[in-house]
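Descriptive analysis of the structure
If you want the building blocks of each chain, they are given just below.
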Amino acid sequence: MNKLNTIPDQRYIFGGIQIAANQMDTLMERELKEHNLTTKQWLLCVVIQNTFDHDPTLKELAAGMGSSHQNVKQVALRLQEKGFTTLEKDPDDGRITRVRLTDAIDNFGLATHEKAEDFSAKLFDGITKEEQAVTRKTLNKLLANLEKMDLESK
């Protein structure tokens, strides 16, 4: 009997998410290396492109990435050094820093589009649209629970 089959679902899912995240990070780091980007740097760009219709603040980005303000600032600064972002003080409130993507991200997207599509196709191979919808719904609930837990611990 496979020992994994005896692990309770909650523990299996928790561990499985951790393992999947680590494996995806390893594969992504390997692919992004040729572009001198890390997975966290790439994710910051993706979050800006897909979550905001404005130049987000560091605080908004931290919430969107599930990370700390300081960690997001460091990632954004590294991206600025590489020409992918600019960090600008908000014109109405100098205490607020906004992160803007540069045109370099569009060039990166064009250069990596095919590889990204191939990666996605392989990752989701054999997983039906219905299974993806259930997974999305479950992840949304897990993320909401994590946010609630985070608020309760402050």
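Computed from a predicted structure; not experimentally measured.

1. Thoughts on the overall build of the protein chain
- Regarding its fold elements, the protein chain presents six helices and two strands.
- Helices and strands in the protein chain line up, N terminus first, as α-α-α-α-β-β-α-α.
- Each principal axis of the C-alpha distribution contributes one length, and for the protein chain these read about 60 × 40 × 25 Å.
- Counting over 154 residues, the protein chain shows a buried share of 20%.
- Summed over its atoms, the accessible surface of the protein chain is roughly 11,900 Å², and 54% of this surface lies on carbon and sulfur atoms.
- Of the side chains in the protein chain, 21 bear a positive and 24 a negative charge, and the two mean positions are spaced by 7 Å.

2. Brief notes about the environment of Val99
- Inspection of the secondary structure assignment puts Val99 in strand E2 (residues 97-101).
- A residue is classified by how much of its surface remains accessible, and Val99, at 0% relative accessible area, is buried.
- Note: C-alpha distance between Val99 and Val134 (35 residues apart in sequence) is 33 Å.
- Those residues within four positions of Val99 in sequence are excluded, and the remaining contacts are Ile48, Asp55, Pro56, Leu58, Leu61, Ala76, Thr85, Thr86 and Leu87.

3. Considering the nonpolar core
- In terms of nonpolar packing, the biggest core is built from 22 residues, with Leu44, Leu61, Val72, Leu79 and Val99 touching the most fellow members.
- When contributions to this core are tallied by element, the ones reaching two or more residues are helix H1 (9-32), helix H2 (39-51), helix H3 (58-65), helix H4 (69-81), E2 and helix H5 (104-123).
- Sequence-distant contacts of Leu61, that is, excluding residues within four places in its chain, are made with Leu44, Val47, Ile48, Phe52, Pro56, Val72 and Val99.

4. Quick word on the pairing of E2
- Where burial is concerned, the two faces of E2 differ: the one with Thr97, Val99 and Leu101 is buried and the one with Arg98 and Arg100 is not.
- With five bridges connecting them, strand E1 (residues 85-89) and E2 associate as antiparallel partners. Counted as the bridge partner of Glu88 is Arg98 from E2.

5. Some details on the environment of Ile7
- Residue position: Ile7 is located in the segment before H1.
- When its relative accessible area of 28% is taken as the criterion, Ile7 is described as partly exposed.
- Residues Ile7 and Thr102 lie 95 residues apart in sequence; the distance between their C-alpha atoms is 47 Å.

6. So, the packing of H1 against H5
- One way to put it is that H1 packs onto H5 with a least axis distance of 12 Å and a crossing angle of 150 degrees. By the angle class used here, H1 and H5 are roughly antiparallel. Considering only the axes of H1 and H5, their crossing is right-handed. On H5, the residues that touch Met24, Leu27, Met28, Glu31 and Leu32 of H1 are Phe108, Lys115, Phe119 and Leu123.
- Taken together, the residues of the contact of H1 with H5 sort by class into seven nonpolar, no polar and two charged.

7. Considerations on H5
- With 20 residues, H5 extends 27 Å between its outermost C-alpha atoms, agreeing within 8% with the 28 Å of an ideal straight helix rising 1.5 Å per residue.
- Residues of H5 that are buried make contact with H1, H2 and E2.

Rules used throughout
- Counting of residues starts from 1 at the beginning of each chain's written sequence and follows it residue by residue.
- Note on the predicted model: pLDDT of at least 70 is required for a residue's local features to be given, and 80 or more for side-chain atom pairs to be given and counted; whole-chain, interface and lining totals, by contrast, use all residues.
- As a rule here, side-chain values cover all heavy atoms of the structure and leave hydrogens and water aside.
- Per the convention used, a helix needs a DSSP run of H or I reaching at least four residues, while a strand needs a run of E reaching at least two, with both numbered from the N terminus.
- Summary of the burial criterion: residues with accessible area below 20% of their type's maximum are buried, those above 50% are exposed, and those between are partly exposed, where the area comes from a 1.4 Å probe applied to protein chains only.
- We get accessible surface area from the Shrake-Rupley algorithm with a probe of 1.4 Å; when it comes to residues, only the shown protein chains can shield them.
- Charge assignment in this entry is limited to Lys and Arg as positive and Asp and Glu as negative, and neither His nor the chain termini are counted.
- Just so you know, the charge point we use is NZ for Lys, CZ for Arg, CG for Asp and CD for Glu.
- Contacts were defined at the residue level, with two residues in contact if any of their heavy atoms lie within 4.5 Å.
- Throughout, nonpolar core names a set of buried Ala, Val, Leu, Ile, Met, Phe, Trp, Tyr and Cys residues whose side chains join them through atoms within 4.5 Å.
- Should DSSP find at least two bridges between two strands, the strands are taken to pair.
- Only the contacting stretch of a helix is used when fitting its axis, a line to C-alpha atoms as for every element, and angles between N-to-C directions run 0 to 180 degrees.
- Orientation categories follow fixed angle ranges, with anything under 35 degrees roughly parallel, anything over 145 roughly antiparallel, 65 to 115 roughly perpendicular, and all other angles oblique.
- Note: crossing handedness is left-handed where the near helix turns anticlockwise from the far helix by less than a right angle, and right-handed where it turns clockwise.
- The classification used treats Ala, Val, Leu, Ile, Met, Phe, Trp, Tyr, Cys and Pro as nonpolar, Asp, Glu, Lys and Arg as charged, and all other residues, Gly among them, as polar.
- Multiplying one less than the number of residues by 1.5 Å gives the expected span of a helix.

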